[in-house]
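The chain contents come next:
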Amino acid sequence: MAYDLLSAVSASSKIDPVKNTYTFDSRQDSSLDDTKKEIILDTSNEVWKELRHLHISNVAQRVTQKTNALMENYSNLRGSGGEQTNMSEIKEIINKMPKYKREEANLNSFIKLAEDCMAAYNSGTVERAVKLEQDMSTGFDSTNKPIGERFVKACVPVFVPQNNGPLFTHYEKLRVLILYVLNKKSLGKHLSKETLLRLIERAEIKREEKAVNNMIDLGIDIFGTSDIPDRRDPPRRERDTSGVFETSRWTPVVMDIMEAVVHEKNLDTSHYPFFHAESQNDGEMDMGGITSLRGHGKKQQVMGGRATGPKLIIFVMGSISYSEMRCAHQVSETQTTRNGWEVIIGSDNILTPERYLDNLIKLKD
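Cut-offs used in this document
Each chain has its residues counted from 1, following the order in which its sequence is written. Under the rules for a predicted model, residues below a pLDDT of 70 receive no local features and side-chain atom pairs below 80 are neither given nor counted, while totals for whole chains, interfaces and linings still include all residues. With hydrogens and water stripped out, all remaining heavy atoms of the structure feed into the side-chain values. Numbering of helices and strands runs from the N terminus, with a helix taken as a DSSP run of H or I at least four residues long and a strand as a DSSP run of E at least two residues long. By the criterion applied in these results, polar contacts are pairs of N or O atoms within 3.5 Å in which, for protein atoms, one can donate a hydrogen and the other can accept it, and in which residues neighboring in sequence qualify only through two side-chain atoms. By definition in these notes, contact holds between two residues if any of their heavy atoms fall within 4.5 Å. Type-normalised accessible area, obtained with a 1.4 Å probe on protein chains alone, sets the label of each residue: buried when under 20%, exposed when over 50%, and partly exposed for intermediate values. It is the directions from the helix axis to the C-beta atoms that the arc portrays. Patch membership needs two things, relative accessible area over 30% and no salt bridge, and members are linked within 9 Å if like-charged or within 5 Å if nonpolar (Val, Leu, Ile, Met, Phe, Trp, Tyr). Under the convention used here, a 1.4 Å probe and the Shrake-Rupley method define accessible areas, while residue burial counts only the protein chains that appear. One speaks of a salt bridge when a side-chain nitrogen belonging to Lys or Arg is within 4 Å of a carboxyl oxygen belonging to Asp or Glu. Throughout, an axis means a line fitted to C-alpha atoms (over the contacting stretch in the case of helices), and angles, computed between N-to-C directions, take values from 0 to 180 degrees. Any angle between 65 and 115 degrees counts as roughly perpendicular, while under 35 counts as roughly parallel, over 145 as roughly antiparallel, and the rest as oblique. By definition, turning the near helix anticlockwise from the far helix through less than a right angle yields a left-handed crossing, and turning it clockwise yields a right-handed one. Charged residues are taken to be Asp, Glu, Lys and Arg, nonpolar residues to be Ala, Val, Leu, Ile, Met, Phe, Trp, Tyr, Cys and Pro, and polar residues to be all remaining types, Gly included.

Enquirer: Describe the side chain of asparagine 106, naming the residues involved and giving the relevant values.
Expert: Considering the arrangement of structural elements, one finds asparagine 106 in helix 4 (residues 87–122). Engagement of the side chain of asparagine 106 in a polar contact is seen with the side chain of asparagine 45, the distance being 3.1 Å. In this view, asparagine 106 contacts Ile39, Asn45 and Val47; residues no more than four positions away in its chain are not counted.

Enquirer: Explain helix 6 (residues 150–159) to me, and be specific about the residues and the numbers.
Expert: Those residues of helix 6 not exposed but buried are Phe151, Cys155, Val158 and Phe159. Taken end-on, helix 6 shows its buried residues confined to a sector of 80°, consistent with a single buried face. Residues of helix 6 that are buried in the fold lie against helix 5 (126–138), helix 7 (170–186) and helix 8 (193–203).

Enquirer: Describe a nonpolar patch on the surface, and please don't skip the residues or the numbers.
Expert: Residues Leu218, Tyr356 and Leu363 make up a contiguous nonpolar surface patch of roughly 260 Å² in combined accessible area. If you trace the backbone, leucine 363 turns up in the segment after helix 12 (353–361).

Enquirer: Explain the packing of helix 5 against helix 6 to me, and be specific about the residues and the numbers.
Expert: Orientation of helix 5 relative to helix 6, taken along the N-to-C sense of each, is 155°, at an axis distance of 11 Å. Taken together, the axes of helix 5 and helix 6 are roughly antiparallel relative to one another. As for how helix 5 packs across helix 6, the hand of that crossing is left-handed. Along its contact with helix 5, which presents Arg128, Leu132 and Met136, the element helix 6 presents Phe151, Ala154, Cys155, Pro157 and Val158. For the contact of helix 5 with helix 6, a count of residues per class yields seven nonpolar, no polar and one charged.

As structure tokens, then:
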């Protein structure tokens, strides 16, 4: 979420997905150059490794807990029983204080990052657009009732500005319009070209019109005029959304694939014909004769002094989103035994919503 919300918030506080850095002002007076601070958002930062896959609400709680724990440790380090008289203890305190100061500064940076994310989310139209997108993506509202055609009325404030209502950005309008087209199609009620043109004109996104029309080149029959049959996607897994954040109800398709392999040891061969998973005496999976190039010997590799279980490696051609990467982390987290699965996912590029829409607009250029 941080990459989506803070990619271009302002010149004084922004996240750079290329350099994996977050830059912000550490004091109120942002006119001073020396107030600029930058933190690295990669695996070298232990706090980022722990927080990067969490929902923003959970991040705020976790950072607060970690800060309180650090302050308690710092108080214990300084001692509460008066002045220290042991020279070795005093030396140890002096040596450890810079480490605690660095940890405190790092945590303060993530507090600022969480605050900026919440400010961006609560300002403007982000929250309203995201909740509508969740309804249209899942086909259900937050109470788990089918939305049917109710989404048509819900989209009106996005396409047509209301009196004193929020002004949605062009990207928000385009995202909602694409979901509008897909929902109409799923109900067997394709849009006509004339209706689509009117929606685009009312939403004032004429420049983005190509993005919707280019969906045809991705195999999506938006007007119902193609003789090519729709692709048959694998059925989605049913999920219990109780206790799930309203803005995080939709689950990427790749999550279904990961869980099918890790939990059920199988995939639908009508969609994945090269995958074979037959039960073996030792519980291992038959991967259709595929062998490892790591050499022979023990089946379990040993890393860092502990045995590791099997690995599921997924490579997505044509880009991957941050939510899809988070799925790999979530499924791996459910594997609590020493021989549990580790899910590794990668791609040739990373997509944010804006990058995807820009690519869709330029598809034929």
